[in-house]
Amino acid sequence: MRPVNYLQYAFKILGYKLFRTFGFPKMMPSNCVFSVTNFCNSKCKTCHIWEKYPNQPELAKKEMTTEQWLKTFKTMGPSVFCVFTGGEPFLRNDAHELLMGIQKYKKPKILTICTNATLPERIEEVLDKFLQTKKKDIDLTINISLDHIGEKHDEIRGIKGNWEKLLETVKVVRKLQDKYGYPNLCFHTVVSKWNVDDIPKIYDYVVNELKPDVYIMEPSELRYELGTINTDILPDKEKLSKVFRVYSSNKNVTFLTNVVRQIYIDKYIKGQGLPCYASFNHTQITTNGNVWTCCMMADKEPLGNLNEADFDFKKIWFSKRANKIRKKVKKREFPTCKGCYLAVAANTSIPQNIALTTKYILRELFGKKKSKNSVNN
């Protein structure tokens, strides 16, 4: 994987700080998540997206079309980071067309595609076609959900045979890497009450047996997006803090990524977070056209709906309603803000805290002994 050019990103960091503080200069998001479908063939214990359409079949008819997504990408312009996700995004018949649209209009430096790895043949078909014309400056990663090993993985994911399909998908990715040099292989574990005690074993297996280019974990979350509000899925927080210490010695990612992860552990898992930049440098668009503040609040209070703006993203992003919601974000007035440790939002908020990030970089560079009890700033 290529490291992020944070020096190139530095001017944008300053711009977003001004945007959040004063409301200008007007900035478009640098981190964009596209939830292109709510269809999902998994039945995960930590995510209930798969229940949406069976319970409300009329919603399936409201998914954005290929043309509507492409128009949205075009009106957004370039972003540094893009995530292509669902549901299960490879269930969309136009997955390749949408990826081509992201490449053409969003021009991301980093593009991540998320999957439950249940459709290895479909994944190979779409990725092989995309990689034939992928631009050289896009660092492409496929992010595979892996919540345990073998049958226990299938149990958490709610689909028998998922583990075998996952291993088939790994073979597909390795085959594509031999042919094109991409995509990067990433595994993603959601730490929940069902696997928190087994994380050391899972980590050891993934790193030493599957040998991905990168391995990441994030805590299970009570999100409106996932339908997990008021559900019993969270691990014990003390256990979670101990588990996430594994990141401080993770050699499968870049130095700066490990720095960001260390801050995430100290300030989000153990602390109360940092000033949030959701709706400033981060946005998520879901397949019904809603532009979200973040996936924690999801459809509960969106910035607006693209169907009502002729799929012109700027009309939503710079609207009066969006500005009102940003004020709430700054004051942490949403119910999901308290104790939030949303990784995707944290990863864009952490670099904005320049002083803190610099402190952690210097600590890592000069080998200062890490305290077991992190200092809260």
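So, a few notes on the structure that sits alongside this text. It should be emphasised that the depicted structure is a prediction, and the values quoted were computed from it without experimental measurement.

With that settled, the discussion passes to the overall build of the protein chain. In terms of helices and strands, the protein chain carries 14 helices and 9 strands. For a compact globule of 377 residues, the expected C-alpha radius of gyration is about 21 Å, and the protein chain comes in at 20 Å, within 12% of that figure. Taken along its principal axes, the extent of the C-alpha atoms in the protein chain is 55 × 50 × 45 Å. The burial tally for the protein chain puts 56% of its 377 residues in the buried class. Considering only contacts in the protein chain between residues 6 or more positions apart, those separated by 24 or more positions represent 75%. Summing over all exposed atoms, the protein chain offers an accessible surface of approximately 17,300 Å²; the carbon and sulfur share of this is 55%. Side-chain charges in the protein chain split into 61 positive and 39 negative, and the spacing between the mean points of these groups amounts to 9 Å.

It is the contact of helix α9 (residues 237–244) with helix α10 (residues 255–269), at a shortest axis distance of 10 Å, that shows an interaxial angle of 170 degrees. The angle between α9 and α10 places the two elements in the roughly antiparallel class. Every pair of crossing elements has a handedness; the one defined by α9 and α10 is left-handed. Along the contact surface, α9 presents K237, L240, S241 and F244, while α10 presents Y264, I265, Y268 and I269. The class makeup of the residues in the contact of α9 with α10 is 6 nonpolar, 1 polar and 1 charged.

Taken together, the buried positions of helix α8 (residues 199–210) are occupied by I199, I202, Y203, V206, V207 and L210. Each buried residue of α8 sits inside an arc of 120 degrees when the element is viewed along its axis, so together they form one side. Exposed side of α8, more than 90 degrees from the buried face: P200 and E209 are the residues found there. Looking at the buried side of α8, the elements it contacts are α7 (162–180), β5 (184–191), β6 (214–219) and α9. One or two positions beyond α8, positive phi appears at K211, with a value near 50 degrees.

Conventions and cut-offs
Residues numbered from 1 in each chain as written. Predicted model: local features only at pLDDT ≥ 70, side-chain atom pairs only at ≥ 80, totals over all residues. Heavy atoms only, no water. Helix = DSSP H or I, 4+ residues; strand = E, 2+ residues; numbered from the N terminus. Rg over C-alpha atoms; globule rule 2.2 N^0.38 Å. Buried < 20%, exposed > 50% of the residue type's maximum accessible area, 1.4 Å probe, protein only. Contact = heavy atoms within 4.5 Å. Areas by Shrake-Rupley, 256 points an atom, 1.4 Å probe, with all protein chains shown as cover. Lys, Arg positive; Asp, Glu negative; His and termini not counted. Charge placed at Lys NZ, Arg CZ, Asp CG, Glu CD. Axes fitted to C-alpha atoms, helices over the stretch in contact; angles between N-to-C directions. Parallel < 35°, antiparallel > 145°, perpendicular 65-115°, else oblique. Left-handed = near helix turned anticlockwise from the far one by under 90°. Nonpolar A, V, L, I, M, F, W, Y, C, P; charged D, E, K, R; others polar. Arc of directions from axis to C-beta.

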